[in-house]
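Analysis of the macromolecular model
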Protein chains: 2
Amino acid sequence: MTYQDVPPSLNLLSNEIIGLAIKVHKALGPGLLESSYKECLFYEISRAGYFAEKEKTLPLIYETVKLDVGYRIDILVENKLVIEVKAVDALADIHTAQVLTYLKLSGNRLGLLINFNVTLLKKWNRAAGNRTLCPLCKELCVLCGKKQLMKFRNFKMVGYVVYGRGSFNQVDEIIAPHRKEGKPMVFLVDHFFEGKPLVSRIPLRGNDSIIFADVTYEPKTTYVDKLAQQLKEEFGTVSGVIGIGGGSTMDLAKAVSLMMNNPGSSADYQGWDLVKYPGVYKAGIPTLSGTGAEVSRTTVLTGPTKKLGMNSDFTPFDQIVLDPELTKEAPANQRFYTGMDCYIHCIESLEGTYLNEFSKSYGEKALQLCRDVFVNKEHWDDDCDDKLMMASYAGGMSIAYSQVGVAHAVSYGLSYLLGTKHGIGNCIVMNHLEEYYPAGVKEFKYMVEKNKIDIPTGICKGLTEEDFEKMINVSMGMKPLWENALGKDWEKIMTREKLRALYEKL
Amino acid sequence: MTYQDVPPSLNLLSNEIIGLAIKVHKALGPGLLESSYKECLFYEISRAGYFAEKEKTLPLIYETVKLDVGYRIDILVENKLVIEVKAVDALADIHTAQVLTYLKLSGNRLGLLINFNVTLLKKWNRAAGNRTLCPLCKELCVLCGKKQLMKFRNFKMVGYVVYGRGSFNQVDEIIAPHRKEGKPMVFLVDHFFEGKPLVSRIPLRGNDSIIFADVTYEPKTTYVDKLAQQLKEEFGTVSGVIGIGGGSTMDLAKAVSLMMNNPGSSADYQGWDLVKYPGVYKAGIPTLSGTGAEVSRTTVLTGPTKKLGMNSDFTPFDQIVLDPELTKEAPANQRFYTGMDCYIHCIESLEGTYLNEFSKSYGEKALQLCRDVFVNKEHWDDDCDDKLMMASYAGGMSIAYSQVGVAHAVSYGLSYLLGTKHGIGNCIVMNHLEEYYPAGVKEFKYMVEKNKIDIPTGICKGLTEEDFEKMINVSMGMKPLWENALGKDWEKIMTREKLRALYEKL
């Protein structure tokens, strides 16, 4: 819709609010913290007699439960005007996308994206007068709720990739240009490696430090906050954070890097595009293959109220070092579950309805590599490590334009209620999905048998009626996953009764 | 080797030169152009009675011919001490790599990497006193020729990738955050599109401009310089350069972007890691699939003395937009030759001796996609465009750790002598390489026939003895290609006589 399409009353309201914003800017000037502008604008709006809500939570995407909510509207006026307050050097398209998302999810038609960190009030007035509707206006933006969000995701890539047996030996040279005088490189290392030879190969210099991270459970926001706080207290800031370990360690390293430069708690940033500033330099060195965390745009964290990633363009690593020698010592069980993370993801996305050729190419390659390793090979050798590392990378890349499916939707209920880890949870569910992925499940079972893995059974025994209801609610809430797997009419196929029966089998 | 391993005479020499460098720095201070320091240091060294050579060209890698030379030693003293002069904010590992490369290729043992753009002379003295041997020294570096170069290339990725039919419609939103007040986005568009509907879809704003680029021949350094100069004169600088077209247009856009921020002529930067500063924002939008230029780290240019890329970490695009709809209108012949660029590359690298699993995974996927399109499909459809675009992307990525082979080595001679374009040249040669790639050539011929393409023949008829000698010299100079194809003893397999016979067949 054009500016003319905005209903007159909404138009008047937005005019009034723009006036108040200019008033606030005149009073405060640029250069303050975002929160100051937000508070003052909220005060002005309320004083002007409008009904305004601050930090309004958006119950979103997953309709039946409020579990995964990561969105908050800065100020919502009269239940119809969305205001997003920024104090940044320059607005980016991600800010626009954020407001458009809020509009779409909240069902509202008009939003104001206001950047208070500008110096020329004259420009402001011009912008206010013109009421520019396009995302190119750098000072003040009136956005229209009917404007389409970008149809195809613009995928942020990791900065540098090095792949090779022994490439770990290059880490010293690779990170050298990112060292800042007096500020250490911090190596976050999976505690599995404590006392192992790999540790002595870490290229420590000056006041660099190694922190052995406990990744028995998936990383918690409190743990991330504690680590970042500790580093801030000891060093002020650090040159970089280097994660060495499995998927959880990768996630931890990404999150700690971000929290070195973003205020508050990591729980504040669980959701889409909430991270405000780039983190410190961050590099990922995986020692387990399959999660794809080394290339992903998210870092999954368990917070006080939700398990959700800090999904942002600032999240991907600046550098990844893919050295297949490092996965050699992984315990066979763990290696299998993590490899299956990749395999199951590929099956789900390749059989799904959301695919395009980009994700298909990567997904097919990852799947083929998993097959080479877990089906065709007679015993584990170097080639398996080489291939599985590429499978993980390709699987991670394929996520760009694909979505997972039934196994993930169901296993999400397990991990919510029982704390079941992601890799095992997917395997437990996959074991019973013949109906949805007949060929994939057959091959999966063959791989389980061939690699002599025992998949746990009977994990839902003794659960109460209430427990089952909880799991079903959580699982049914994963709407995009179900839709990807079963199409738009998925609710006719996957009823609560049917899902209940599936859980009882696990 | 450690500092102690340096022969005493060389040691004394380097001490002396460090003293002269400090003298120059004391006289000039920081903040001047690199060339000033270089001139003065050269003057001081010569005056001190040493035999010094400035801008010494390195006859490199390709042993028999000097064609591809892109390296120049800033100052070479007494034929044994390599000096690289910089005036940058901070030395990066790329500078170290540069000096180590020069040492390796020139067969020398000691190099000085001197950054004159430092303010504290005290630090200098300390560094000179300590004669630090590591690449972490930010002020002055004495580098040892035995130090290994990084074994595995650290591959710089493009910043953002968007893939999807119709993703061209998102260009406006994608480039919006990169616009700078008053500075245009410049769209470099293949002149093939002049007057075509695509042009009206280019999201022009403000003083944006479209330049139709003549890419009948591969881009010349003079053309790049002219375009950059023209933009500088008209706008001072630009917000960004967006290339829309085939491989040559991609290369042109990358080169013009770099030349907006680097002084002199693009011919000065033909070679490895010679580019000094990042370019302006640059995005690539391919309309022909197969070259892989959209993801590569180089931009091939024909200069006054050589045809060679500006191969640097600053070269890859910040953004690529992969919209398969845009390749729909490409002429069938051109589409085929460009697709074969990808296919032949894959055959050469997959059959080569330089491969690792990273390049293998990408190469296999690209090959399979080429087969899907040119072998398995009955007629051209949307799916072919989708797949060939991914083949090009994957083929480009596979270059990271692989090398081409016989077809490229031989066709390089053709393009040097006859100006034959890359895509066609490779096809002409591939047609006669049964001995080296039996399965690949068989499939290639099948594709030629099936797609009803006429490969030119008899192009070497009437060439003089001297012409053949020239082509053979050029081709035999491509040592890494031959070694990749035929192994370390390639010269026993590919003799000059045998190569002559091959050229006569073409």
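Residues numbered from 1 in each chain as written. Chains lettered and ligands numbered in written order. Predicted model: local features only at pLDDT ≥ 70, side-chain atom pairs only at ≥ 80, totals over all residues. Heavy atoms only, no water.

Re the sheet that holds strand 13 (residues 300-302) of chain A
Residue and element names in this part refer to chain A. Counted only if it meets this: Note on pairing: two strands pair once DSSP finds at least 2 bridges between them. Helix and strand labels come from DSSP, where a helix needs a run of H or I of at least four residues and a strand needs a run of E of at least two; each type is numbered from the N terminus.
Taken in spatial order, the three strands line up as 11-14-13 in an open sheet, and their pairing is mixed. Lying at the two open borders of the sheet, with one neighbouring strand each, are strand 11 (271-272) and strand 13. Of the pairings in the sheet, the one linking strand 11 to strand 14 (residues 307-311) comprises two bridges and is parallel in character. If you follow Trp 272 over to strand 14, its bridge partner there is Asn 311.

So, the side chain of Arg 179 of chain A
All names here are of chain A. Note the threshold: Only protein chains enter the accessibility calculation, which uses a 1.4 Å probe; a residue is then buried when its area is under 20% of its type maximum, exposed when over 50%, and partly exposed in between. Contacts described as polar in this section are N or O atom pairs within 3.5 Å, which, within protein, must combine one atom able to donate a hydrogen with one able to accept it, while residues neighboring in sequence count only if both atoms come from side chains.
Of note, Arg 179 is situated in the loop between helix 5 (171-175) and strand 8 (185-190). What makes Arg 179 buried here is its relative accessible area of 16%. Only 2.8 Å separates the side chain of Arg 179 from the side chain of Asp 208, close enough to count as a polar contact.

Some points on the pattern of salt bridges
Keep this limit in mind: Take a side-chain nitrogen of Lys or Arg and a carboxyl oxygen of Asp or Glu: if they are within 4 Å of each other, that pair is a salt bridge.
Counted under the stated rule, the structure contains 61 salt bridges over all chains. With its nearest N and O atoms 2.8 Å apart, the salt bridge here joins Lys 38 of chain B to Glu 55 of chain B. Here Lys 38 of chain B is found in helix 2 (residues 34-47), whereas its partner Glu 55 of chain B is found in strand 1 (residues 52-57), with 17 residues between them in sequence. Taking relative accessible area as the criterion, Glu 55 of chain B reaches 35% and is therefore assigned partly exposed. Where Glu 469 of chain B meets Arg 496 of chain B, a salt bridge forms, and the shortest distance between an N and an O atom there is 2.8 Å. Taken as a pair, Glu 469 of chain B in helix 15 (residues 465-476) and Arg 496 of chain B in helix 18 (residues 496-505) lie far apart in primary sequence, 27 residues in all. A relative accessible area of 33% means that Glu 469 of chain B is categorised as partly exposed. The class for Arg 496 of chain B is partly exposed, based on a relative accessible area of 29%. Salt bridges here are not isolated pairs; linked through shared partners, they connect Glu 357, Lys 360 and Glu 364 of chain A together with Lys 365, Lys 377, Asp 381, Asp 383 and Lys 387 of chain B.

So, helix 14 (residues 438-450) of chain A
Residues and elements named next belong to chain A. Heads up, the rule is: Expected helix span is computed as 1.5 Å times (number of residues minus one). Think of the arc as the fan of directions from the helix axis to the C-beta atoms. Throughout, a residue-residue contact means that at least one pair of heavy atoms, one from each residue, lies within 4.5 Å.
With 13 residues, helix 14 ought to run about 18 Å at 1.5 Å a step, and its terminal C-alpha atoms sit 18 Å apart, in line with that. Along helix 14, the positions that sit buried rather than exposed are Gly 440, Val 441, Glu 443, Phe 444, Met 447 and Val 448. Projected down its long axis, helix 14 carries its buried residues within an arc of 165°, all on one side. Seen from the buried face of helix 14, the exposed residues on the opposite side, beyond 90 degrees, are Pro 438, Ala 439, Lys 442 and Glu 449. Looking at the buried side of helix 14, the elements it contacts are helix 9 (332-350), helix 10 (357-376) and helix 13 (422-430). Count one or two residues on from helix 14 and you reach Lys 452, which has phi positive near 55°.

A closer look at the confidence of the model for chain A
All names here are of chain A. Defined as follows: The predictor attaches a confidence to each residue, called pLDDT, with possible values from 0 through 100.
Across chain A, the average pLDDT comes to 84, with 88% of residues at or above 70. Across residues 1-5, confidence stays below pLDDT 50; counting only partners more than four residues off in sequence or on other chains, it has 11 contacts. Low pLDDT, under 50, characterises residues 61-69; the predicted model gives this stretch 32 contacts beyond four residues in sequence or across chains.

Some words on the environment of Val 300 of chain B
Residues and elements named next belong to chain B. In this structure, Val 300 sits in strand 13 (residues 300-302). By relative accessible area, which is 32% here, Val 300 ends up partly exposed. Those residues in contact with Val 300 that lie beyond four places of it in its chain are Pro 219, Asp 251, Lys 307, Leu 308 and Gly 309.

A short note on the relation of the copies chain A and chain B
Stated formally: We place the copies in one frame by least squares, fitting the C-alpha atoms of every residue whose pLDDT is at least 70 in both.
For the match of chain A to chain B, the screw axis carries a shift of 0.0 Å, the RMSD comes to 0.3 Å, and the turn is 180°. In symmetry terms, the pair is related by a two-fold rotation axis. A shared binding surface is used by both copies, with 98% of the interface residues of chain A retained as interface residues in chain B.

Describing the interface of chain A and chain B
Size of an interface: often given as the accessible area lost when the parts come together. Note the following rule: Buried area: the accessible surface (1.4 Å probe) lost by two parts on joining, summed over both.
The interface is formed by 55 residues belonging to chain A together with 54 residues belonging to chain B. Both faces considered, chain A and chain B share a buried interface measuring about 4,500 Å² in area, 57% of it formed by carbon and sulfur atoms. Across the chain A-chain B interface, the total number found is four salt bridges. Glu 364 of chain A serves as the salt-bridge partner of Lys 365 of chain B, at 2.5 Å between the closest nitrogen and oxygen. There are 17 residue pairs in polar contact (both at pLDDT 80 or more) connecting chain A and chain B. When residues of the side of chain A that touches chain B are traced back to their parent elements, those giving at least two are strand 6 (155-156), strand 7 (160-163), helix 5, helix 10 and helix 11 (382-398) of chain A. Among the elements that make up the side of chain A that touches chain B, the one with the highest residue count is helix 10 of chain A (nine residues).

Details of unusual backbone geometry
Even without being a glycine, Asn 79 of chain A presents a positive backbone phi close to 60°. With respect to the element layout, Asn 79 of chain A can be found in the loop between strand 2 (72-77) and strand 3 (81-86).

Describing the pairing of strand 8 of chain A
Consecutive side chains along a regular strand alternate between the two faces of the sheet. Residues and elements named next belong to chain A. Burial of strand 8 is extensive: six of the six residues sit out of reach of the surface. Burial along strand 8 is two-sided: Met 185, Phe 187 and Val 189 facing one way and Val 186, Leu 188 and Asp 190 facing the other are all buried. Here strand 8 runs beside strand 10 (residues 240-245); their pairing, made up of five bridges, is parallel. Bridging from a neighbouring strand, Met 185 pairs with Gly 240 of strand 10. Here strand 8 pairs with strand 9 (residues 209-213) via five bridges, running parallel. Bridge assignment links Val 186 to a residue of strand 9, and that residue is Ser 209.

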